[in-house]
Amino acid sequence: MVKTTICASFDEEIQKVWQIVTDLQNYSWRSDLSKIEVINEGQFIEYTTGGYPTKFTISDKKPFKLYAFVMENSNIRGHWQGEFTKAGSQTEIIFTEEVTVKKFYLKPFAKGYLKKQQEKYISDLTATLSKGK
């Protein structure tokens, strides 16, 4: 199993950060996605810009505190968890991803790939929050 964690702080209200991260209809701020297909209230599929699908099943959702899901595609299966904390006028997030790689030849690259994806996500989120100021 591969585990990666990324932390970030934003000078924004927790409600705004939560809304952006959990809104499955407004995903255009994500530079890595071409679309999100909502299956039902608890499941959705994200498609990369190259059309590669990953299915997500929401496992926990506590507004302004915790957002978690199980994810799976042909290469990985695992769990993602986002923790949200209000710290004065800032919002702190901790995003943790744990995956099992299905294809042995991808295992050496998995941790680096996940870290890169997390950094891209935080970069996109930072840029989106900056636009609102």
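Definitions and limits used
Residues numbered from 1 in each chain as written. Predicted model: local features only at pLDDT ≥ 70, side-chain atom pairs only at ≥ 80, totals over all residues. Heavy atoms only, no water. Helix = DSSP H or I, 4+ residues; strand = E, 2+ residues; numbered from the N terminus. Rg over C-alpha atoms; globule rule 2.2 N^0.38 Å. Buried < 20%, exposed > 50% of the residue type's maximum accessible area, 1.4 Å probe, protein only. Contact = heavy atoms within 4.5 Å. Areas by Shrake-Rupley, 256 points an atom, 1.4 Å probe, with all protein chains shown as cover. Salt bridge = Lys/Arg side-chain N within 4 Å of Asp/Glu carboxyl O.

A. View of the overall build of the protein chain. Helix and strand counts for the protein chain stand at two helices and seven strands. Ordered by position from N to C terminus, the α and β elements of the protein chain give β-α-β-β-β-β-β-β-α. Taking 14 Å as the expected radius of gyration for a compact globule of 133 residues, we find that the protein chain reaches 15 Å, a close match to that expectation. Considered along the principal axes of its C-alpha atoms, the protein chain spans approximately 45 × 30 × 25 Å. The buried share among the 133 residues of the protein chain stands at 39%. Within the protein chain, contacts between residues separated by at least 24 positions form 47% of all contacts whose residues are at least 6 apart in sequence. As displayed, the protein chain offers around 7,700 Å² of accessible surface, 54% of which is attributable to carbon and sulfur atoms.

B. Looking closely at the pattern of salt bridges. All told, the structure shown has six salt bridges when counted by the stated rule. Glutamate 12 serves as the salt-bridge partner of lysine 16, at 3.7 Å between the closest nitrogen and oxygen. The partner of glutamate 46 in a salt bridge is arginine 30, with the nearest N and O atoms 3.1 Å apart. Here glutamate 46, found in strand E3 (residues 43-48), pairs with arginine 30, found in the loop between helix H1 (14-22) and strand E2 (33-40); they are 16 residues apart in sequence, far enough to count as distant. As far as burial versus exposure is concerned, glutamate 46 and arginine 30 are alike and both buried. In the salt-bridge network here, residues are joined through shared partners; they are Arg30, Asp32 and Glu46.

C. Structural detail: the environment of methionine 71. Topologically, methionine 71 is positioned in strand E5 (residues 66-72). Since its relative accessible area comes to 4%, methionine 71 is described here as buried. With 15 residues separating them along the chain, methionine 71 and phenylalanine 56 place their C-alpha atoms 4.4 Å apart. Not counting residues within four places of it along the chain, the set of residues in contact with methionine 71 comprises Thr54, Lys55, Phe56, Ile76, Arg77, Gly78, His79, Trp80, Glu97 and Val99.

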